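Residue-level listing of the chains:
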Amino acid sequence: MESIVRLALVLSGSALVALAAGRTADLLARYADSRRPDTPLWGLLRRCRTPLHVVLLCAAFRWSYRATDWPPLLSRAGELDHILLLCLIGGGAWLTVRFVSAVVESSYARYAARTRDAARLRRVRTQVTLLTRVVAVVIGVVAAAFALVTFPSFRGLGTSLLASAGIIGIVAGVAAQSTLGNLFAGFQIAFGDMVRIGDTVVVDGEWGTVEEVTLTFLTVRTWDERRVTLPVSYFTSRPFENWSRGGNELTGTVFVHCDHSVPVELMRIHLRRFLDTCPGWDGRGWDLAVTDTSPTGITVRALVTAKDADDLWATRCAVREELVGWLTREHPGALPRIVTAQAADARP
């Protein structure tokens, strides 16, 4: 009975000490965050409290459980030490990933607060996102390697694994050729500034905004809220349109088919007046011209500009509706017509 009471006291005391240490660290981070609201690092570091509790609990149990003098527990000391060591490795890797992510996000937030260039911010955000994921993968691989080394059987296989490393590397390279290609394409996208998070792109006839970039795939959110997922190697091997490259400003066209009798000059004046009231037009430029003619009518092209793709789409739709409505109200004879009667013979 005494050993059971000692076991409960030792384990509960260790848990309380670990939780108190974790709670103290969390309170210190919260205090620092309230004193320095301009520095987001302390608030982001509070995300580390869960993995920190795991590490502290495992460390406390591994250090204190022998003091219980409970024979059933001490008889399994080797297995328990191994389990707690694995938990420490996993918790340490988790804590390291959270800590690195907090530092990187804090640095990006401070950089974003000082920079007004939207294109540069998107580029840095894409690079930061990919670098954070690379660091997480590297930490995970290192933690897994340390965990495997704790097993005696894997230590004994070390010599044979090193001897066959060349063959294994060749086989793995052939088997993972596509994955490795996407991985290197991800680095090329991140540092080659080909496409960034928030860019407006057209891929496979789909228009949308880049929503997520990972090491292996890229997600595009289309105008109708669908998500198109593409391998990152697509953007390094095929042509695609990036409407945000070099700036968000865009120029769009609206084509209206009319009869030959359409008053083009009046139509041009009405377009200019309408654009002055259109919220999507940015005022950079406009035009209206006849771009084509046919035996049955002419094609009038209206050219408008906008600050981004969303405003351009709204402006084009508004101009199209306004011009068609104006022709219907003011000049119905200028709308396209299909002649079904024979032409009058002009000869006497």
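It should be noted that the structure appears before, not after, this text.
Residues numbered from 1 in each chain as written. Predicted model: local features only at pLDDT ≥ 70, side-chain atom pairs only at ≥ 80, totals over all residues. Heavy atoms only, no water.

## Regarding helix H12 (residues 264-277)
An α-helical turn contains 3.6 residues, so a residue and the one three or four places further along point in the same direction. Here H12 spans 21 Å end to end across 14 residues, near enough to the 20 Å set by a 1.5 Å rise per residue. Buried positions along H12 lie against strand S6 (250-258), strand S7 (286-294), strand S8 (297-306) and helix H13 (309-330). (Helix = DSSP H or I, 4+ residues; strand = E, 2+ residues; numbered from the N terminus. Expected span 1.5 Å × (residues − 1). Contact = heavy atoms within 4.5 Å.)

## Re unusual backbone geometry
As a rule of thumb, non-glycine residues mostly have phi less than zero, and peptide bonds are mostly trans rather than cis. We note that glutamate 225 has phi near 70°; this positive angle belongs to a residue other than glycine. The residue glutamate 225 is located in the loop between strand S3 (217-222) and strand S4 (227-231) in this model. Take glutamate 225: its relative accessible area is 52%, and that puts it in the exposed class. (Buried < 20%, exposed > 50% of the residue type's maximum accessible area, 1.4 Å probe, protein only.)

## Re the nonpolar core
Counting residues in each nonpolar core, the largest one holds 27 residues, and the members touching the most others are Cys258, Val262, Met267, Val319 and Leu327. It is H13 that contributes the most residues to this core, six residues altogether. Apart from residues lying up to four places away in sequence, methionine 267 is in contact with Val256, Cys258, Val262, Leu288, Val300, Leu323, Trp326 and Leu327. Within the second largest apolar cluster, 14 residues are counted, among which are Val195, Val201, Leu218 and Tyr234. (Core = buried A, V, L, I, M, F, W, Y, C linked by side-chain atoms within 4.5 Å.)

## Some points on the sheet that holds strand S1 (residues 200-203)
Pairing is antiparallel in the open sheet, where five strands are placed in the order S4-S3-S2-S1-S5. With one partner strand each, in any of the chains shown, S4 and strand S5 (241-242) form the two edges of the open sheet. (Pairing = 2+ DSSP bridges.)

## Observations regarding the layout of surface pockets
Considering only enclosed or pocket space, the largest pocket measures out at about 220 Å³ in volume. Lining the largest pocket are Ser101, Glu105, Tyr108, Arg125, Val128, Thr129, Thr132, Arg133, Ile197, Glu211, Glu212 and Val213. Where the lining of the largest pocket is concerned, the elements lending two or more residues are helix H5 (77-114), helix H6 (118-149) and strand S2 (206-213). When residues in the lining of the largest pocket are grouped by element, the largest group, five residues, is from H6. (1 Å grid on protein atoms, 1.4 Å probe; cavity = no way out; pocket = protein on both sides within 12 Å on 5 of 7 lines; lining within 4 Å. Points joined across faces, edges and corners; volume = space filled by probe spheres on them.)

## Let's talk about the sheet that holds S6
Here three strands make up an open sheet; going across it, the order is S6-S8-S7 and the pairing antiparallel. Two strands bound the open sheet, and with one partner strand each, they are S6 and S7. The mean angle between the axes of side-by-side strands here comes to 25°, regardless of whether they run parallel or antiparallel. Relative to S8, S7 runs antiparallel, the two sharing eight bridges. Directly across from leucine 288, in S8, lies its bridge partner alanine 302. Strand contacts of H12: S6, S7 and S8, with the helix running at about 145° to S7, the strand carrying the most contacts. Taken strand by strand, H13 contacts S6 and S8, and its axis lies near 20° from that of S6. (Axes fitted to C-alpha atoms, helices over the stretch in contact; angles between N-to-C directions.)

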